Amino acid sequence: MRAPSELQENPTTRRERPRRTAGESGRSPLGRRWTGSLALTAFGYLIVVVGVLLDTPLVDLDWAVGLARPYERWPHLEPLLDNWVVAGQRGPSAVAAFAWLGWRAHRLRRLRPLLVMGAALLLLNVTVGAVKIVTGRLGPHYAHYVGSPELFSGGTIFPSGHTANAVVTWGVLAYLAVRWRRCGAALAGATAASVGLTTVYLGTHWVTDVLAGWAAGLLVLLALPLLEPLVHGVEERVARRRGPALTPPSCVPPPRRAPRG
């Protein structure tokens, strides 16, 4: 009989040790860089909101750009940008995104793509909608007093819903991508940036509306990993009710090997 020190592991029968999850190890489910980005984005969002509420020089910037009327300086761009801004509208962008994700979910036999997008849009509508209602800001076309932040006047312009929706909708598609994540993230960022700037050009939003929209949408994207346990739990429940065809791969028991004779 060999001594324990002489025994060698058979690589074909060795099993990997189960890795401890972030919650089991007591660490944050987000990495340090991700957590730092979340905190920095939240701080930037807070600065913009407070800057508008306290009528700081950020409001002067709004009026300087608004009174410049970019749509009058470069009128030949208006027809093109009028159509491009649709990429940030909730209805058309959601329909396009859910159509692709529905095909993806059918191909993968998983509901996760649809659930992640649904959770992200729900979180976006609740958070951005609450700030819109509380601030009640009017847009440049309906402003009453030059230099005023135009708050608590029954408007729904702050933060920019077009901008935040563009960040979240196209950002979630990049988040769910596997092979083309970096390329998707670059395209999503370019789309969100251009949609926000387009609303400023058209005079439908102030600059600070767009800044807050970018931050609000990015906060939702950065919070997606925190929603993954909830998404996975819902997916498991639906899979159990509808049968094994839609059961997530992590829930499917491994096939048993026939005993060797």
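Our subject is the structure that appears above.
The paragraphs below set out a description of the structure included in this document. (Residues numbered from 1 in each chain as written. Predicted model: local features only at pLDDT ≥ 70, side-chain atom pairs only at ≥ 80, totals over all residues. Heavy atoms only, no water.)

1. So, the nonpolar core
Operational definition: Buried Ala, Val, Leu, Ile, Met, Phe, Trp, Tyr and Cys residues that are joined via side-chain atoms within 4.5 Å together make up what is termed a nonpolar core. Each residue is placed in one exposure class: buried if its accessible area under a 1.4 Å probe, protein chains only, is under 20% of its type's maximum, exposed if it is over 50%, and partly exposed if it falls in between. Put simply, DSSP marks the helices as runs of H or I at least four residues long and the strands as runs of E at least two long, and each gets a number from the N terminus on. For this analysis, residues touch if any pair of their heavy atoms sits within 4.5 Å.
Core analysis: the largest hydrophobic core is formed by 39 residues, its most contacted members being Tyr 45, Phe 158 and Val 172. Counting residues per element, the ones that place at least two in this core are helix H2 (32–53), helix H3 (57–68), helix H6 (90–108), helix H7 (112–135), helix H8 (161–176), helix H9 (181–202) and helix H10 (207–242). With residues up to four places along the chain from it excluded, the contact list for Phe 158 reads Val 48, Val 49, Val 52, Val 131, Lys 132, Thr 135, Arg 137, Thr 208, Asp 209 and Ala 212. Core analysis: the next-biggest nonpolar cluster, separate from the first, contains five residues, Tyr 71, Leu 81, Val 85 and Tyr 201 among them.

2. Concerning the pattern of salt bridges
Where charged atoms of side chains with opposite charge meet at close range, the side chains can pair. Keep this limit in mind: Throughout this description, the term salt bridge denotes a Lys or Arg side-chain nitrogen within 4 Å of a carboxyl oxygen of Asp or Glu.
Counted under the stated rule, the structure contains five salt bridges. When the shortest N-O distance is used, the salt bridge between Glu 228 and Arg 112 registers 2.8 Å. Highlighted residues: Glu 228 in helix H10 and Arg 112 in helix H7, separated in sequence by 116 residues. You can call Glu 228 buried: its relative accessible area is 18%.

3. Section: a nonpolar patch on the surface
Put simply, the rule reads: What goes into a patch is any residue over 30% in relative accessible area without a salt bridge, connected to like charges within 9 Å or, for nonpolar side chains (Val, Leu, Ile, Met, Phe, Trp, Tyr), within 5 Å. What sets the accessible areas is the Shrake-Rupley method with a 1.4 Å probe; for residues, cover comes only from the shown protein chains.
There is a patch of nonpolar side chains on the surface, built from Leu 46, Val 50, Leu 53, Leu 54 and Phe 152 and spanning about 510 Å² of accessible area. Mapping Leu 53 onto the fold places it in helix H2.

4. So, the packing of H7 against H10
Put simply, the test is: Lines fitted to C-alpha atoms define the axes here, with helix axes fitted over just the stretch in contact, and angles between the N-to-C directions of these axes take values from 0 to 180 degrees. Note on terminology: angles under 35 degrees are roughly parallel, angles over 145 are roughly antiparallel, angles of 65 to 115 are roughly perpendicular, and the others are oblique. Left-handed is the label given to a crossing in which the near helix is rotated counterclockwise from the far helix by less than a right angle, and right-handed is the label when the rotation is clockwise.
Here H7 crosses H10 at 130°, and the two axes come no closer than 8 Å. Considering their axes alone, H7 and H10 lie oblique with respect to each other. Between H7 and H10 lies a crossing of right-handed hand. Of H10, the residues touching H7 (which contributes Arg 112, Leu 115, Val 116, Ala 119, Ala 120, Leu 123, Leu 124, Thr 127 and Val 128) are Ala 216, Gly 217, Val 220, Ala 223, Leu 224, Leu 227, Glu 228, Val 231, Val 234 and Glu 235.

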